[in-house]
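# Chain and residue survey
Residues per chain are reported as follows:
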Amino acid sequence: MQDIVSKTDLRAEMLGRRAAMPPETRAAAARPIRDALLSLPEVEMAGTIAAYVSIGDEPDTRSLLFALWKRGTYVLLPRLLADGDLDWASYEGPDSLVPGARGCPEPSEPPRGPGAIAGADVVLTPAVAVDRTGVRLGRGGGSYDRALARVGPAILTVALLYDGELVESLPSEPHDQRVRAAVTPSSGLVRLG
């Protein structure tokens, strides 16, 4: 129970930092994150990338999604299911997004099932913080832990973060799924583990 309290406190602290970040700082972070990912060999060669549409104070993914789609990458985006799991559907450009569960933008294309993430060559995940061993602190719903459990061990999983959110250590629980890398505006891609 100690880790749960610690994770809750850490999540609140990290989200508070994001909320206090000036909008222009958040906006400026999107380009170096996008550029670092687009130049990554695994991303350049990927046929399918599972990603997400950023919401609120998260590092912006919209220009990244558009760039991937324009260069012909098949992009899967999540659709939140009633039980908190994630279904996946294809991204067909910015006009294909509709309001989904809890107001989160999601693709209007037909769902491909929760297992569709297993076919991705690269998986991009949201996170509030990540540590140097790949422990990922999310928003606390467990949706991405379930989704990442379906991803094979050789697949690159990357959390998108602001500077200061890649930390030395985070508490973890048995169900937590680790990511293999993180990308920040200043450091670019950092491999973890």
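An unreviewed UniProt entry lists the chain under the name 5-formyltetrahydrofolate cyclo-ligase, with Actinomadura bangladeshensis as the source organism. UniProt, in its Catalytic activity (unreviewed entry) section for the chain, records the words "(6S)-5-formyl-5,6,7,8-tetrahydrofolate + ATP = (6R)-5,10-methenyltetrahydrofolate + ADP + phosphate". Under the UniProt heading Sequence similarities (unreviewed entry), the entry covering the chain gives this text: "Belongs to the 5-formyltetrahydrofolate cyclo-ligase family."

This paragraph deals with the pairing of strand β3 (residues 86–90). Regular strands place side chains that alternate from one sheet face to the opposite one. A large share of β3 lies buried, amounting to five of its five residues. Residues of β3 alternate between two faces, with L86, W88 and S90 on one and D87 and A89 on the opposite face, all of them buried. Pairing geometry for strand β2 (residues 74–80) and β3, over five bridges, is antiparallel. Counterpart to R79 in the pairing with β3 is D87. Between the antiparallel neighbours β2 and β3 lie five residues, among them G84 with a positive phi of about 90 degrees.

In this numbering, the UniProt entry assigns the feature "binding site: substrate" (unreviewed entry) to V53 and E58. Position of V53 relative to the elements: it lies in the loop between β1 (48–50) and α4 (62–70). Classification of V53 as buried rests on a relative accessible area of 8%. With sequence-adjacent residues up to four places away left out, V53 is seen in contact with E58, T61, R62, L65, L77, L97 and P105. Mapped onto the secondary structure, E58 falls in the loop between β1 and α4. Those residues in contact with E58, other than ones at most four positions away along the chain, are R18, Y52, V53, P126, R139 and Y162.

Attention shifts here to the environment of L38. When you line up the elements, L38 lands in helix α2 (residues 23–38). We classify L38 as buried; its relative accessible area is 15%. Distance from L38 to L68, taken between C-alpha atoms, is 7.7 Å for residues 30 residues apart in sequence.

Now for the side chain of T73. The residue T73 is located in the loop between α4 and β2 in this model. Once you skip the residues sitting within four places of it in the chain, T73 turns out to touch A46, G47, I49 and L68.

Let's shift gears to the sheet that holds strand β8 (residues 136–137). Strands sit in the order β8-β7-β10 across an open sheet of three strands; the sheet is mixed. With one partner strand each, in any of the chains shown, β8 and β10 (166–167) form the two edges of the open sheet. Judged from the two bridges that link them, strand β7 (residues 129–131) and β10 form a sheet pairing that is parallel. Paired with V130 across the strands is L166, a residue of β10.

As paired strands, β1 and β2 are joined by three bridges and run parallel to one another. Across the sheet, the residue bridging to T48 is Y74, located in β2. Taken together, β1, α4 and β2 constitute a β-α-β crossover, and its handedness is right-handed.

Taken in spatial order, the seven strands of this open sheet run β3-β2-β1-β6-β9-β11-β12, and their pairing is mixed. If you trace the sheet from one side to the other, it starts and ends with β3 and β12 (188–191), each paired once. Across the sheet, the mean angle from the axis of one strand to that of its neighbour is 30 degrees, orientation sign disregarded. Pairing of strand β9 (residues 156–160) with strand β11 (residues 181–184) involves three bridges; the strand directions are parallel. Note on β11: the bridge partner recorded for L160 is V183. Strands in contact with α2 are β6 (122–126), β9, β11 and β12; relative to β11, the strand with the most contacts, it is inclined by about 135 degrees. α4 rests against β1, β2, β6 and β9 of the sheet, and its axis sits at about 135 degrees to β2.

The rules behind the values
Residues numbered from 1 in each chain as written. Predicted model: local features only at pLDDT ≥ 70, side-chain atom pairs only at ≥ 80, totals over all residues. Heavy atoms only, no water. UniProt positions renumbered as here; feature names shortened; annotations may be inferred. Buried < 20%, exposed > 50% of the residue type's maximum accessible area, 1.4 Å probe, protein only. Helix = DSSP H or I, 4+ residues; strand = E, 2+ residues; numbered from the N terminus. Pairing = 2+ DSSP bridges. Contact = heavy atoms within 4.5 Å. Right-handed = clockwise from strand over helix to strand, strands pointing away. Axes fitted to C-alpha atoms, helices over the stretch in contact; angles between N-to-C directions.

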